[in-house]
Amino acid sequence: MSNRQVEPDVVSHFKELLLHLKPAAEQASSLQQFMDEALILEETDDNFHKCGLVKDIKKSIDQSLGHLVDEQLKQNVADKEFLDKDGSFLSNMTDDIMRTPNYHALVNSLQDNIFEGVGTFMTSGVESMVNFSSTREPKCLSPFTSMVYNTFADDRSSYCGSSMNHSMMFLGPEQYQHLADNMSLSKPMKTRLDAVKTISNVSASDLVSNDQWKKIKAHLHDMLCDLHQDLFYWSLKIHAKMFVLSVPHINSEIYLNLVNYISLQFSSKSHSIPSLRRGIDTTKKQNSHLLLAFRLLNDFQHQLPEHWLRYPSHFLNDYIDSVMALLSIATPRMAVTPTHYMALIDTQAVWFRKCMNAQYTAAVLLDSIESHPYLLLSAVRSIFACSLKLESTQYSCTVAVSHQNVQHYSLPDISAGAGDVYCETALDVAHTTHSLQLLAQLLLHTRGQCLLTDLLKAEDLSVTDLLISMVNIIIICPANSAQIHERSLSDQVKNIFKMLAKSSFSCQFVFKDIILDKLLSVLRQQFSLADLLLSVDHAACSVVEVLLSIGETEHGRHCLLLGMQSVEAASALQDRDNADPLGSQLSQTTGECSEIISAAPNTAAISIIAGYLVKIMSCAMEASFPSSEDTLRLQMHLLLLCGHLYGTAQGFELLYEYNLPQWLASAWKEISREIDQAVTPVGDRTYGTSLSNRIKCQLLLVKGISAALASFASSPMGFCTLVKTGLLQECAGYLFDQYSIDKPWDTYWLEIFNFSATAIGSKMLESTEFFLSMLSTLWSFLQSPDTVKVDVFSESILCSSSLVNEHLQCHVVQFARLLQSYPVLFELVASDTHSKNKDESTKYPASVKDLLTYLLDIYLPGKAPFEGMISTIDDNLQLFVLKMLQFFSSSLDSCAFLQSKYNYIDSLLSTQAEYYGLDKTSIMIDEQSVLRNHVLVKSLLVGGPTERVLPPAEVHSTSSSVFYSWPMVVSQDVQDAYTGNRGTIACEFDAVFTNFLLATAQDCSSDWMDKCSSMHANVVVSGKYCSQTALCNLLDKTMLCLKGRCPVFIKRLTALENLPTDTQKRGAELAVSYGVRVGALSKSTSFVDDLLKLLHLCERELCVCRNRHAGLVRFTANFTYPAFDWFAATIFLIYGGDVKRSWTFLQKFYLQPDAYLMWMSAAYSSPSLPACFSQNGLYPVYYITCHWLAIIVENDLPFVHASLRVNGITLGQLCQQWVSQCFWNYLDWPEIRQYVSVCLLHGIDYQVYFCAAILKHLRPLMQQHCYSGNLLLLLYEGAVQDFLLKDYWTFMEGLRSKYRDRILSAVESYLSDSMQEQQEEPSGADSFLDTSITSF
């Protein structure tokens, strides 16, 4: 090789050509096949001729031979030789040119340039190629294999010298036989070394395919066993070279050869096995050679999961069986095993994890483990031994190894006289870590669990015993111990527990009471210490992280709250009930569940967790608080854990007594005060690096507390408790900040929708510009629906013309989720002022009120749109308006409110009239007119599923015509086609109740209530109903028997003007019309006035009490209830329009605690409710009924619970809607009467059971539409079809036996303090009960 300088372009172009030929080289099994593929590429691939090297050769040919070709062509043309017919023209011309001196000079020049370039490239090593392209190496050539393959490429063995043929040798049969003979043990060392070096230059495929391969393979094995370093390294290099080729039989041959060598080192008596006590000294050749062999073996094992895709199955079986047999070799006691070497090389058992992650390789691996159980047994014993050693001696696992990272183990320096020594502790820790990872992968696999269980059973152990031993490692092993890959041994176990807890296949092993108790023992011990701050250690942090992983899953959360034993028993009973859809056996089931949960040690885990958090948060407010990373991490994880436990209604109920919200609120205020005192931002200056470490930790801690407080809003009662802390605004700000960052609907949607279910929550969200952000997205879509992105929860979809309707529906659902509650709508729209955007250039509504005003004004004639907004009205915009009205018209209060404010019904009727033709008999049918007709019927007519027939909201069309057979509503008199068929109410028990009332006329004891409720239950179960007369008599007698609160002394105020509002007028008209249609009222024109008088009397005599508290939201700021009193209207209809009897009943019922859950107007005006709730528009139906309904749904209706969560539906919104309008529009009149009578005769807790029965009835609907995206609209807008109370009475009785005591206790607890205050008032309140109604 000459020493002249090589042009850099030649080297780079050569690299480019190699990369282009890489696919052909990888697929070729021999050199000849590769050359054939290269010729094909030259002929067919255009990109081949674009390579720089090919272009340079073409350019050199043109420069050197181009003029010769031209001269030959000219001469041949002159001689007319090109007309020869024999086809030898080009061949003869080519031969003439190749005989010229110019051709020979060109060949020599190209040869020199290319050979020099190739030589420069090869001498630069693999690193040069890697720098050029990281994709040059085959995937199976790991960094270590590449190192072995290229370490010994010196000048004597260079792939390129002065000849290209030196890079690859082609030998004949005689030469192979000669080399095989020279590799024999009987030959001199130099002869053997020269032979193996020569063999290394032969292609792997040719080497394996020759007849001498078996002899050569045996000699290679002998060289691996030889302690001579050069022989071992050259033999190992040949093995690595063959692994580079992804050819099954070659890989298999060389893999088994390597395994046989390693096995021989442990099974042969001629080789000494190191003892654990002495460790592994890498200066010894045998140990050094073994580590290198294991490393090469491990590199190939990482590729095993890929081989089953392209190799025959028997190859994979051979690979895995051979390595499992190797790792199962039994060595003398206290001797190093093959697993120790493997653990040093692959501490995390990556090879095992990769095999277990692939389904086919996992099956083969588990079969092999079943045949070779020693590896599994050794791993189990290693864990138990480590645990016992830690328990007995508090063993410190510090690794006394100068070598810092086993994974970086490389070829020892032969010239050096010293190396590393892996002591006994290092080997134990590496083996334990390897065993931990191996057992963790088995626990994640169902069959692996069975294998492990059977093995432990044979040893009189269990998986629980194994996990307890692992917990001991977390608790006892120090944080700075056993650094394997920069992780402590305790961190390894902690991560394994977190992985197992989150896996549905293995969580049952972690969720055991004994394991949870073992984990909690650390916190229990920490809690008992006097100075907690100085003793927060790594073990406590690790335990809390594991508990957090458990609490993040629903099953794990239940185990922390109730205990695993009770959860398993309750789950078994629930599974038994799944086969009984109507709940005929649920009475017994729920009774058993009640006993199980009441007997569960449900305070063990949560009391320790809650108490530990309270103590550490109390310490956080002290000036001596140490701001360390471990302490901050512990606090943050505890906050997240308690947030998960509080995140459900059941969790809040169990944790309520620990008063965590108040503790967290106090800590938040104290820490915030300290931050404000320490740092006062000036202008735009932000907190810089000059802040102390304590303040930085405090800033992070405040965010963690805010997240924990916000999680309380996941349940109705939790939200009310959050209101009591006074930090509702801060929590709303935190939720909006998170929403602004990445819109984490999947994380915080439950909290946001619980906020939006209440007036005060919506007010807080509005102050954070949350609604403004939503409005901007909606307005962008309305402006250009074909191109705007629609953000619906975590999805972001680009609209196209074919998906506009679908995305329009998504926006309707999104908007409806935030405005489905009437108090929320009233809070956001009732204002008389218009908001303004801070950015004047922004052209979209600044509030929900402005949006609704603009959208509804579309239908008002003569109204101009807001300045700068959409001036044209397209079909999509009108469809959105109609769909929103369709949604709002489902709420009687929202419908009446929008009608009184915008008069939208007259606008719709006016627009509908324009669709009629000139003959006034034909009407144009399109999507808008059909939907408009649907909205009009819903708005003008009240009725249950069989009492009101709603026309379809969509057009049903065929390819040739549009089919719509419903009459169009053009006036407020709805056609009879929509009034439904009034059924007859079967009454067969009138005589029984009449005789019972006569016989017990003087009995007002509790026994009478029990007898009456029992008789009424028989009526319900029979499917019959009480007549109107019998029901009224029962209700009158019930009011006499119930012991209500003492009457409230009322100071007479100025009488209210007897001027009913538009909302009351409209509600009274609808109620009377409905009563007449269902037969509750006779046809009379005076019923509307009578109902208005009853409502006025309720306002004048009952609502004056609410002067005691000033409202904090618009809904509570009015003197009177800002909605129609649907419960009073229901009582009016039950009593057949008798004002006197209705008023007498309402007077007495107002003194009952039950009134605050059924009668929204009474709750609105009552001074007996907590002021912090009533002032913010939170009433018992929300924080009692909805709260306990959520608990029942979580425990007894898991599928309903899951469906509601998936669709972003909160029970607070749905249940308030049902109860506030007394199930009007959702149930038929007979079932509404049943609802009122059941709640009054059987107890107010039946209100919760009644709602749960409806949800159970709606389960098939939820199952059908769970993932349609429209479940919210179906539940909110649609009536409850085919619901009969008799079908679910057994279900309700079962719930009664399980929850009654706790629900009634909750009702009484919120009234006891106020009742005590009222009893101290003067007794001159008799005039309240004797209010004259002679004016009627």
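Residues numbered from 1 in each chain as written. Predicted model: local features only at pLDDT ≥ 70, side-chain atom pairs only at ≥ 80, totals over all residues. Heavy atoms only, no water.

Visitor: In this structure, what is going on with the overall build of the chain? I would like to understand it.
Guide: Of the regular secondary structure elements, the chain holds 69 helices and 6 strands. Sorting the 1336 residues of the chain into buried and exposed places 56% on the buried side. Here the analysis covers contacts within the chain between residues at least 6 apart in sequence; of these, 76% occur between residues at least 24 apart. (Helix = DSSP H or I, 4+ residues; strand = E, 2+ residues; numbered from the N terminus. Buried < 20%, exposed > 50% of the residue type's maximum accessible area, 1.4 Å probe, protein only. Contact = heavy atoms within 4.5 Å.)

Visitor: Can you walk me through helix α55 (residues 1126–1134) in this structure?
Guide: An α-helix turns once every 3.6 residues. As a result, residues three or four positions apart point the same way. Among the 9 residues in α55, 9 count as buried, and that is most of the element. N-capping of α55 is provided by Asp 1125, with a side-chain oxygen placed 3.4 Å from the backbone N of Phe 1127. Immediately beyond the C-terminal end of α55, within one or two residues, lies Gly 1136, with a positive phi of roughly 65 degrees. (Polar contact = N/O pair within 3.5 Å; in protein donor to acceptor, adjacent residues only side chain to side chain.)

Visitor: It is not clear to me how helix α28 (residues 538–551) should be interpreted in this structure. Could you clarify?
Guide: Look at α28: 20 Å from first C-alpha to last across 14 residues, which is about the 20 Å you get at 1.5 Å a residue. Where burial is concerned, most of α28 is hidden: 14 out of the 14 residues are buried. (Expected span 1.5 Å × (residues − 1).)

Visitor: Mind showing me how you'd approach the pattern of salt bridges here?
Guide: Evaluated as defined, the whole model comprises 19 salt bridges. A salt bridge links Glu 370 to Arg 447, with the nearest nitrogen and oxygen atoms 2.9 Å apart. Of the two residues, Glu 370 is situated in helix α20 (residues 359–371) and Arg 447 in helix α23 (residues 446–458); the sequence distance between them amounts to 77 residues. For Arg 673, the salt bridge is made with Glu 670, and the minimal N-O distance between the two is 2.7 Å. Linking Arg 673 with Glu 670, this pair stays in helix α35 (residues 660–678), spanning 3 residues, or about one helical turn. Since its relative accessible area comes to 42%, Arg 673 is described here as partly exposed. Connected through salt bridges with shared partners, the residues Asp 491, Lys 494, Lys 498, Glu 545 and Arg 633 form a single ionic network. (Salt bridge = Lys/Arg side-chain N within 4 Å of Asp/Glu carboxyl O.)

Visitor: Before we go on, may I ask you to explain the nonpolar core in this structure?
Guide: Side chains of nonpolar character tend, in soluble globular proteins, to be buried together. Ranked by internal contacts, the top residues of the largest apolar core, which has 383 residues, are Leu 547, Phe 755 and Trp 1224. Broken down by element, the residue count for this core peaks at 11 residues, all from helix α60 (residues 1180–1196). Setting aside anything within four residues of it in sequence, one finds Trp 1224 in contact with Leu 892, Val 942, Ala 1071, Tyr 1074, Trp 1126, Ala 1129, Thr 1130, Leu 1133 and Ile 1232. (Core = buried A, V, L, I, M, F, W, Y, C linked by side-chain atoms within 4.5 Å.)

Visitor: How should I be thinking about the packing of aromatic side chains in this particular structure?
Guide: Both the distance between ring centres and the angle between the ring planes are used here to describe each pair of aromatic rings. Scanning the entire structure with this criterion turns up 49 aromatic pairs. When the ring of Trp 1218 is compared with that of Tyr 1226, the centres are 6.5 Å apart and the planes differ by 65 degrees; the resulting orientation is edge-to-face. With a relative accessible area of 1%, Tyr 1226 lands in the buried category. Relative to Tyr 1288, the ring of Phe 1283 lies with its centre 5.7 Å away and its plane at 10 degrees, an arrangement referred to as stacked. What links up through ring pairs into an aromatic cluster is the set Tyr 822, Phe 826, Phe 897, Phe 1115, Tyr 1121, Tyr 1164 and Tyr 1179. (Phe/Tyr/Trp six-rings, centres within 6.5 Å; stacked < 30°, edge-to-face > 60°.)

Visitor: What should I look at first to understand the confidence of the model for the chain in this one?
Guide: Any region with low pLDDT has predicted coordinates that should not be read closely. Counting all residues, the mean pLDDT for the chain is 76, and 75% of those residues have values of 70 or more. Every residue in residues 1–6 scores below 50 in pLDDT, and together they form 13 contacts with partners more than four places removed in sequence or on other chains. pLDDT under 50 marks residues 787–802. Its contacts with residues more than four places away, or in other chains, come to 35 contacts. (pLDDT = per-residue confidence, 0-100.)

Visitor: Explain the environment of Ala 105 here, please?
Guide: Relative to the helices and strands, Ala 105 resides in helix α6 (residues 101–123). Between the C-alpha atom of Ala 105 and that of Ser 64, which follows or precedes it by 41 residues, the distance is 8.8 Å.

Visitor: Help me understand the packing of α60 against helix α64 (residues 1246–1257) in this model?
Guide: Packed helix pairs are specified by the crossing angle of their axes together with the interaxial distance, meaning the distance between the axes. For the pair α60 and α64, interaxial distance at closest approach is 9 Å and the crossing angle is 50 degrees. As far as their axial angle goes, α64 and α60 are oblique. Between α60 and α64 lies a crossing whose hand is right-handed. Taken together, the residues of α64 that come into contact with α60 (itself represented by Thr 1185, Trp 1188, Leu 1189, Ile 1192 and Val 1193) are Gln 1247, Val 1248, Tyr 1249, Cys 1251, Ala 1252 and Leu 1255. For the contact of α60 with α64, the per-class residue count stands at 9 nonpolar, 2 polar and no charged. (Axes fitted to C-alpha atoms, helices over the stretch in contact; angles between N-to-C directions. Parallel < 35°, antiparallel > 145°, perpendicular 65-115°, else oblique. Left-handed = near helix turned anticlockwise from the far one by under 90°. Nonpolar A, V, L, I, M, F, W, Y, C, P; charged D, E, K, R; others polar.)

Visitor: Even after reading the chapter, I still don't get the environment of Ala 678, so can you show me in this structure?
Guide: Here Ala 678 is to be found in helix α35. Given a relative accessible area of 46%, Ala 678 falls into the partly exposed group. Sequence separation of Ala 678 and Ser 692 is 14 residues, and the distance between their C-alpha atoms is 9.3 Å.

Visitor: Looking at this structure, how should I read unusual backbone geometry?
Guide: Leaving glycine aside, a negative phi is the common case for residues, and trans is the common case for peptide bonds. The phi torsion at Ala 349 lies on the positive side, around 55 degrees, for a residue other than glycine. Relative to the elements of secondary structure, Ala 349 occurs in the loop between α18 (338–345) and α19 (350–357). Residues other than glycine seldom take positive phi values, yet Cys 1222 does so here, at roughly 55 degrees. Within the element layout of this structure, Cys 1222 appears in the loop between α62 (1211–1220) and α63 (1229–1242). Residue Cys 1222 is classed as buried on the basis of its relative accessible area of 1%.

Visitor: Teacher, can you tell me more about the side chain of Gln 212 here?
Guide: Tracing the chain through its elements places Gln 212 in the loop between α11 (204–209) and α12 (213–225). Residues contacting Gln 212, with those up to four places away along its chain left out, are Tyr 176, Gln 177 and Ala 180.

Visitor: Which parts of the structure should I look at to understand the environment of His 555?
Guide: Within the secondary structure layout, His 555 lies in helix α29 (residues 554–562). Look at His 555 and you get partly exposed, because its relative accessible area is 31%. C-alpha separation for the pair His 555 and Cys 507, spaced 48 residues apart in sequence, amounts to 8.5 Å.

Visitor: Honestly, the packing of helix α43 (residues 822–829) against helix α44 (residues 848–857) in this entry has me stumped. Any pointers?
Guide: For the pair α43 and α44, interaxial distance at closest approach is 7 Å and the crossing angle is 90 degrees. Here α43 lies roughly perpendicular to α44, going by the angle between them. Contacts between α43 and α44 involve Leu 825, Leu 828 and Val 829 on the former and, on the latter, Val 848, Lys 849 and Leu 852. By residue class, the composition of the contact of α43 with α44 is 5 nonpolar, no polar and 1 charged.

Visitor: Would you mind going over the side chain of Ser 890 with me for this structure?
Guide: By the secondary structure assignment, Ser 890 is in the loop between α45 (875–888) and α46 (892–902). Among the polar contacts listed, one links the side chain of Ser 890 to the backbone oxygen of Gln 886, at a separation of 3.5 Å. In this structure Ser 890 touches Lys 938, Gln 1217, Gln 1221, Asn 1225, Tyr 1226, Tyr 1276 and Glu 1277, once residues within four positions along its chain are discounted.

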